[in-house]
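A look at the structure
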Amino acid sequence: MASTDHPAAPDLSDIAGLGYEQAREELVQVVSRLEAGGTSLEESLALWERGEALATRCEQWLDGARERLDAARTRRADAGGDSDDDRDDDGAGRG
């Protein structure tokens, strides 16, 4: 069973540069094509691999968004405690 019997894996390097909306839209198109059928086994496998890569890219964007939201909430909580203390100190010093 030589490895030459299998088709080469598709080039998926372009997916890394896609934004969330682009990757999601293309993923929807890939799923639609797979659901419609009518493609050869080889083309279906290539579509499946691309779909998996697109789904992973979407997950990366969503994970990054969650991390940014968590960081923003942490900063807000930290700043909220500090700014309340600063306002009390400033208010007391001016009176």
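Provided above is the structure to which this section pertains.
Summarised in this report is the structure supplied together with it. (Residues numbered from 1 in each chain as written. Predicted model: local features only at pLDDT ≥ 70, side-chain atom pairs only at ≥ 80, totals over all residues. Heavy atoms only, no water.)

Under the 1.5 Å per step criterion, the end-to-end length of helix α1 (residues 20-36) is 24 Å for 17 residues, consistent within 8% with the ideal 24 Å. Those residues of α1 lying buried are Ala23, Leu27 and Val30. The arc that holds every buried residue of α1, seen down its axis, measures 65°, which confines them to one face. In α1, those exposed residues whose orientation departs by more than 90 degrees from the buried face are Glu21, Glu35 and Ala36. (Helix = DSSP H or I, 4+ residues; strand = E, 2+ residues; numbered from the N terminus. Expected span 1.5 Å × (residues − 1). Buried < 20%, exposed > 50% of the residue type's maximum accessible area, 1.4 Å probe, protein only. Arc of directions from axis to C-beta.)

Taken as a whole and judged by the stated rule, the model has five salt bridges. Here Glu26 and Arg50 are joined by a salt bridge, their closest N and O atoms 2.4 Å apart. A residue pair is termed long-range when its members are at least 10 positions apart, and Glu26 in helix α1 and Arg50 in helix α2 (residues 41-94) qualify at 24 residues. Here Glu26 falls in the partly exposed class, since its relative accessible area comes to 22%. On the accessibility criterion, Arg50 (15% relative accessible area) is buried. Several salt bridges share partner residues, and in doing so they unite Asp14, Glu26 and Arg50 into one network. (Salt bridge = Lys/Arg side-chain N within 4 Å of Asp/Glu carboxyl O.)

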